Amino acid sequence: MLKVWRFFTEGQTDTTQAARWPFMALLLCVAASFIRFPGEWDNDTISQHAQMLAGVYRDWHPPIFAAFWGMLNKAWNTLTGMAYTGSGVIYTVHVLMFWSGMLLLLRASKKFWQAFAGAPQWKLSAVLAFFLFLAFFELVPILRLVFKDTAMVASYSLTVGIILNFPHKRLWRWLAFAACLLLLFYGTGVRHNAAFAMIPLLALAVMGVSAKRSILLVLPVTLLIWAALLLGINQFTYGVLKSEHEYSLKEIFYNDIWKLNYKTKTFDLPPHMGGGNWDPLTREDFFKYFTNKPNITDSFEFIRKRYEPDERFNIYTDFNGTKDDLDALREFWFTKVSQHPGKYLQHRRVFFMDLMRNFSFMTQIGLVYLVFSCAILLHFTVKVVRRKTPANLVPYFMVTSGLLYVLPYFFIAPAMQRRYLYWFYLTSFFGLVWFGKKFFSHYGLCRKNPQ
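Every chain's residues receive numbers from 1 upward, in the order its sequence appears when written. pLDDT decides what is reported in this predicted model: residues at 70 or higher carry local features, side-chain atom pairs at 80 or more are listed and counted, and totals for whole chains, interfaces and linings draw on all residues regardless. Calculation of side-chain values draws on the structure's entire complement of heavy atoms; hydrogens and water are dropped beforehand.

### A look at the overall build of the protein
Working definition: helices are DSSP H or I runs of at least four residues, strands are E runs of at least two. Numbering for both runs from the N terminus. A count of helical and extended segments in the protein gives 21 helices and two strands. Exposure is judged per residue with a 1.4 Å probe applied to protein chains only, and the accessible area is read against the type maximum: over 50% gives exposed, under 20% gives buried, and values in between give partly exposed. Across the 451 residues of the protein, 51% fall into the buried class. Any two residues having at least one pair of non-hydrogen atoms within 4.5 Å are treated as being in contact. Restricting to contacts in the protein with at least 6 residues of sequence separation, those with at least 24 account for 72%. By element, 65% of the accessible surface of the protein is carried by carbon and sulfur atoms, the whole surface being about 21700 Å². Each accessible area is a Shrake-Rupley estimate made with a 1.4 Å probe; only the visible protein chains count as cover when residues are assessed.

Listed below in C-alpha cells is the structure:
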C-alpha cells in the first residue's frame, strides 16, 4: 500500500501536502459508487441479460456488452464456485475501470493540484468543494446504471488515464499501448457511434508508444489501427458471437420519414419491416393522432391506441425483417430526404439543439459545452495551419474526441436521453478545467505551475 501511495503522490514536498486531498476525495467517490451496487437496470439491461444467459446475441443492443458480462460472471463463478448470474461483477468492473482512470488522471495532473495547495485556504476549500460536488452529483450517478453508455465511459476514461501515464521502459510502454487498444475495442464495441471519438485517443496512444509528436507522421498509423479495430469489432460481433441482425437503423429511418410526413403535410407510407403494411392507417388519422415527440415510438402512442388491438403499428417489436427490407426502407428514406432536404435538416437541427439544451452537467446545458468545444477545436486548427502545434496535445484531443462523439447525433439520435452525452460532458469539462487553470494563473488565483 505504501508503494501505491508513493506512486500516486511522488514528487510532492512538505509544502504541498494539501495537494493529496484529491486522492482522498476519490476514495470517497469509489465507496459512494457502491451504494448503487449491483447497479440499476433498464429495459436495455434486461434484454442484454437475457442474451447473456442464453448465449444467443442480437445486435439491436451491442452483443459485446452481453458477451463481456457473461465472461466476467463465468470467471467469477469459476473462481468462487458460485452460480452467480446478476450484474454485481460487471458493475464492480466498470466502477473500478472508471475511477482507476480518474486516479491516473489525478496523478498526471498533480502539479495542477499543487498549484492550488499554495493558494489561500479559502481558495483551496472552494476548489475542493467544487470537485467534490462534481464527483458526487455528476460522476457517481453516471455509474449507477448497468448499460452500454456506462461501459463506454469507463473504458475510455481508463484509456485516457493510461495515456497520461505512459511508462518509460519499452516493454511496459507496449503493454500499456496494448491495454489501450483492448479498452478502445471494448468501449467502441459497446457504443458504435463512438467510432470517430476513438481516433483522437488512439492518436495519443500511438504518440505515447512511439515517442513521436508529429501529427502528420502519426495520423496514417492511427487511421490504419483504427480501421483494424473497427473491422475486428465487426468480425467479433458477427463472426465469433454469431449475432443475429435486427437492423436498428430502421428506427432512424422511420423517425425521419414520419417526421417529414408530419412537417411537410405529406402521407408517403414507407415499407414495413417484416412484410407488414400500414393499413388501415388513413391520412386523416395520421395527422389527427400523430404527436411530434423525439422518440418515434412515443409519437405513435395515440395512433396505436386508436387502432388497438391491431399491433401492426408497433414497428419496433418485429425483428423478422430481412436485409432486403432494410435496403428498401433505406431507399425510401433517401428519396424522402432528397425531396425535402431543407425540412430534413431543420428537423434534425431542432432535435439536436433540444438534446443540447434539455440536459445539463455542472449546472451548464450541453449547448455551452458545445460552443466551448468548437472554439477550442477552431483554436487548435488555426495553430496547426500556422505550424504552431501546442506543446500539450491532450486537452485538444480530448475535446475533439467529445465532439466526434456527440456530433453524429445530429443525424442518428433516436431519442432524447442524457446518457447520450456522458462522454461529451466529461471531455469538454476536462478541457474547460485545463484551460481554466491558465485563466486562474493569469489572474493570480493559483500559482503558475506548468500543467
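### Side note on unusual backbone geometry
A cis geometry characterises the amide bond from Phe-37 onward to Pro-38, with omega recorded as 5°. Mapped onto the elements, Pro-38 comes out in the loop between helix 2 (21–33) and helix 3 (43–54). One non-glycine residue, Lys-242, lies in positive phi territory at about 55°. Look at Met-362: it is not a glycine, yet its phi comes out positive at around 55°. Here Met-362 lies in the loop between strand 1 (360–361) and strand 2 (364–365).

### Overview of the packing of aromatic side chains
Working definition: a ring pair exists when centres of Phe, Tyr or Trp rings (six-membered ring for Trp) sit within 6.5 Å. Plane angles under 30 degrees give stacked, over 60 give edge-to-face, the rest tilted. All told, the structure shown has 34 aromatic pairs when counted by the stated rule. Between Tyr-262 and Phe-290 the ring centres are 5.3 Å apart and the planes differ by 45°, which places this aromatic pair in the tilted class. Taken together, the residues Tyr-262 in helix 12 (residues 249–264) and Phe-290 in the loop between helix 13 (283–289) and helix 14 (296–299) connect sequence positions 28 residues apart. Residues Trp-333 and Tyr-344 carry aromatic rings whose centres are separated by 6.1 Å and whose planes lie at 85° to one another, so their mutual orientation is edge-to-face. Pair noted here: Trp-333 is in helix 16 (residues 323–339) and Tyr-344 is in helix 17 (residues 341–358), with a separation of 11 residues, a long-range link. Taken individually, Trp-333 and Tyr-344 each receive the classification buried, so the pair is uniform in this respect. We count a charge as sitting over a ring when the NZ of a lysine or the CZ of an arginine lies within 6 Å of the ring centre and within 35 degrees of the ring normal. Over the ring of Phe-351 we find Arg-348, and its NZ or CZ is 5.5 Å from the ring centre.

### Observations regarding the packing of helix 10 (residues 198–210) against helix 19 (residues 394–406)
Throughout, an axis means a line fitted to C-alpha atoms (over the contacting stretch in the case of helices), and angles, computed between N-to-C directions, take values from 0 to 180 degrees. Here helix 10 crosses helix 19 at 150°, and the two axes come no closer than 8 Å. By the angle between their directions, the pair helix 10 and helix 19 is classed as roughly antiparallel. On helix 19, the residues that touch Pro-200, Leu-201, Ala-203, Leu-204 and Met-207 of helix 10 are Val-394, Phe-397, Met-398, Thr-400, Ser-401 and Leu-404. Classifying every residue of the contact of helix 10 with helix 19 gives nine nonpolar, two polar and no charged. Each angle receives one of four descriptions, namely roughly parallel if under 35 degrees, roughly antiparallel if over 145, roughly perpendicular if within 65 to 115, and oblique otherwise. Residue classes follow a fixed rule: Ala, Val, Leu, Ile, Met, Phe, Trp, Tyr, Cys and Pro count as nonpolar, while Asp, Glu, Lys and Arg count as charged, and any other residue, Gly among them, counts as polar.

### Let's talk about the pattern of salt bridges
Any Lys or Arg side-chain nitrogen located within 4 Å of an Asp or Glu carboxyl oxygen qualifies as a salt bridge. Under the criterion given, the structure shown has 15 salt bridges. One salt bridge in this structure joins Glu-40 and Arg-144, with 3.5 Å as the shortest N-O distance. Of this pair, Glu-40 sits in the loop between helix 2 and helix 3 while Arg-144 sits in the loop between helix 7 (121–142) and helix 8 (148–163), and the two are 104 residues apart along the sequence. Arg-144 sits in the partly exposed class, given a relative accessible area of 25%. What emerges from the salt-bridge pattern is a single network uniting Asp-44, Asp-149, Arg-191 and Arg-419.

### A short note on the packing of helix 12 against helix 16
Helices that pack against each other are described as a pair by the angle of their axes relative to one another and the distance between those axes. The N-to-C vectors of helix 12 and helix 16 enclose an angle of 35°; their axes lie 10 Å apart at closest approach. Relative to helix 16, helix 12 is oriented so that their crossing is left-handed. In contact with Lys-250, Phe-253, Tyr-254, Asp-256, Ile-257, Leu-260, Asn-261 and Thr-264 of helix 12, helix 16 contributes Leu-326, Leu-329, Arg-330, Phe-332, Trp-333, Lys-336 and Val-337. Looking at the contact of helix 12 with helix 16, its residues break down into nine nonpolar, two polar and four charged. Should the near helix be turned counterclockwise from the far one by less than a right angle, the crossing is left-handed, whereas a clockwise turn marks it as right-handed.

### Section: the environment of Trp-41
Relative to the assigned elements, Trp-41 resides in the loop between helix 2 and helix 3. When its relative accessible area of 36% is taken as the criterion, Trp-41 is described as partly exposed. Between the C-alpha atom of Trp-41 and that of Val-146, which follows or precedes it by 105 residues, the distance is 5.8 Å. Excluding residues within four positions of it along the chain, Trp-41 makes contact with Ile-46, His-49, Trp-69, Ser-87, Leu-145 and Val-146. Polar contacts here mean pairs of N or O atoms no more than 3.5 Å apart (in protein, one a potential hydrogen donor and the other a potential acceptor; neighbouring residues in sequence count only if both atoms are side-chain atoms). Within the local environment of Trp-41, its side chain forms a polar contact with the side chain of Ser-87, the two groups lying 2.9 Å apart.

### Some points on the environment of Pro-414
Take Pro-414: it is sitting in the loop between helix 20 (409–412) and helix 21 (422–442). Since its relative accessible area comes to 15%, Pro-414 is described here as buried. As a C-alpha pair, Pro-414 and Asn-295 span 119 residues in sequence and 6.1 Å in three-dimensional space. Beyond its immediate chain neighbours, meaning those up to four positions away, Pro-414 contacts Glu-251, Ile-252, Asn-255, Pro-294, Asn-295, Phe-351 and Tyr-420.

### Focus on helix 3
With 12 residues, helix 3 ought to run about 16 Å at 1.5 Å a step, and its terminal C-alpha atoms sit 17 Å apart, in line with that. Those residues of helix 3 lying buried are Asp-44, Thr-45, Gln-48, His-49, Gln-51 and Met-52. Around the axis of helix 3, the buried residues are gathered within 165° of arc, so they sit on the same side. Residues of helix 3 that are exposed and point over 90 degrees away from its buried face: Asn-43 and Ala-54. Among the structural elements, helix 4 (63–80) and helix 8 are those in contact with the buried residues of helix 3. The N-terminus of helix 3 is capped by Asp-42, whose side-chain oxygen sits 3.2 Å from the backbone nitrogen of Asp-44. In a helix, the anticipated span is given by 1.5 Å times the number of residues less one. The directions from the helix axis to the C-beta atoms form the arc being described.

### Side note on helix 8
An ideal rise of 1.5 Å per residue puts 22 Å on 16 residues; helix 8 measures up with 23 Å between its terminal C-alpha atoms. Buried residues dominate helix 8, accounting for 16 of its 16 residues.

### A closer look at the confidence of the model for the protein
Every residue is assigned a pLDDT by the predictor, reflecting its confidence on a scale from 0 to 100. In the predicted model, the protein carries a mean pLDDT of 85, and the fraction of residues at 70 or more is 84%. Between residues 11–16, whose pLDDT stays under 50, and residues either more than four places distant or in other chains, the model counts nine contacts.

### Regarding the side chain of Thr-222
Along the chain, Thr-222 turns up in helix 11 (residues 215–240). Note on Thr-222: relative accessible area 0%, which makes it buried. With residues up to four places along the chain from it excluded, the contact list for Thr-222 reads Ile-199, Leu-202, Ala-203 and Val-206.

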